[in-house]
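One letter stands for each residue in the lines below.
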Amino acid sequence: SDGLILNNYSNKDVLMGLSRVAVFISLVFSYPLAFAGCRDGAMDLMKVPSEKRTNGLLNKLTVGILAGVTGIAATVTDVSFILSFAGATLGNALIYVYPALMFRAVVKKMGGKATKAQKNEVTFAMANAGLGIGMGAV
């Protein structure tokens, strides 16, 4: 059994050959869209103002990210681990962490209008998020 499910089928199977071509086309044409979002998100995390996002900076960041991704792709031979890790991490964050952070932000925005029960619930929600992070680490 192989980490990439398409490799579990015979190379002589014509329909699976077409499936491989379809996956190739999907990856080639969707990667630039996902990559642009990744690059813009990286600049947002680094707090680069819009006026400083020059073509030179975009090109340098593009080369850096592509070099990192290419390096990882060249060393990782089993993609199933990366997919499993990403699925578990993002699933855990979606179920435990994000709702707690959103609730905390809403209660904080309420300010003095928030009840004592809501403030106590924030503590419980953040403990639940910590529990989710702990379970994800295991």
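Residues numbered from 1 in each chain as written. Predicted model: local features only at pLDDT ≥ 70, side-chain atom pairs only at ≥ 80, totals over all residues. Heavy atoms only, no water.

A. Fine view of helix α2 (residues 55-75). Across its 21 residues, α2 extends 30 Å between first and last C-alpha, which sits within 8% of the 30 Å expected from 1.5 Å per residue. Turning to α2, its buried residues number three or more, namely L58, L61, T62 and I65. Down the axis of α2, the smallest arc covering the buried residues is 105°, so these residues share one side. In α2, the exposed positions angled more than 90 degrees off the buried face are occupied by K60, V63, A74 and T75. Tucked inside the fold, the buried residues of α2 contact α1 (14-45). (Helix = DSSP H or I, 4+ residues; strand = E, 2+ residues; numbered from the N terminus. Expected span 1.5 Å × (residues − 1). Buried < 20%, exposed > 50% of the residue type's maximum accessible area, 1.4 Å probe, protein only. Arc of directions from axis to C-beta. Contact = heavy atoms within 4.5 Å.)

B. Quick look at the side chain of T62. Residue position: T62 is located in helix α2. Here the side chain of T62 touches R39 through a polar contact of 3.1 Å, side chain to side chain. Excluding residues that lie within four positions of it along the chain, T62 makes contacts with F35 and R39. (Polar contact = N/O pair within 3.5 Å; in protein donor to acceptor, adjacent residues only side chain to side chain.)

C. Representation of the packing of α1 against α2 within the structure. Interhelical geometry of α1 versus α2 gives an angle of 110° and a closest axis separation of 11 Å. As summarised for this structure, α1 and α2 are arranged roughly perpendicular, according to the angle between their axes. With respect to the hand of their crossing, α1 and α2 are arranged in right-handed fashion. On α2, the residues that touch Y31, F35, R39, A42 and M43 of α1 are L57, L58, L61, T62, I65, L66 and V69. Among the residues forming the contact of α1 with α2, the class breakdown is 10 nonpolar, one polar and one charged. (Axes fitted to C-alpha atoms, helices over the stretch in contact; angles between N-to-C directions. Parallel < 35°, antiparallel > 145°, perpendicular 65-115°, else oblique. Left-handed = near helix turned anticlockwise from the far one by under 90°. Nonpolar A, V, L, I, M, F, W, Y, C, P; charged D, E, K, R; others polar.)

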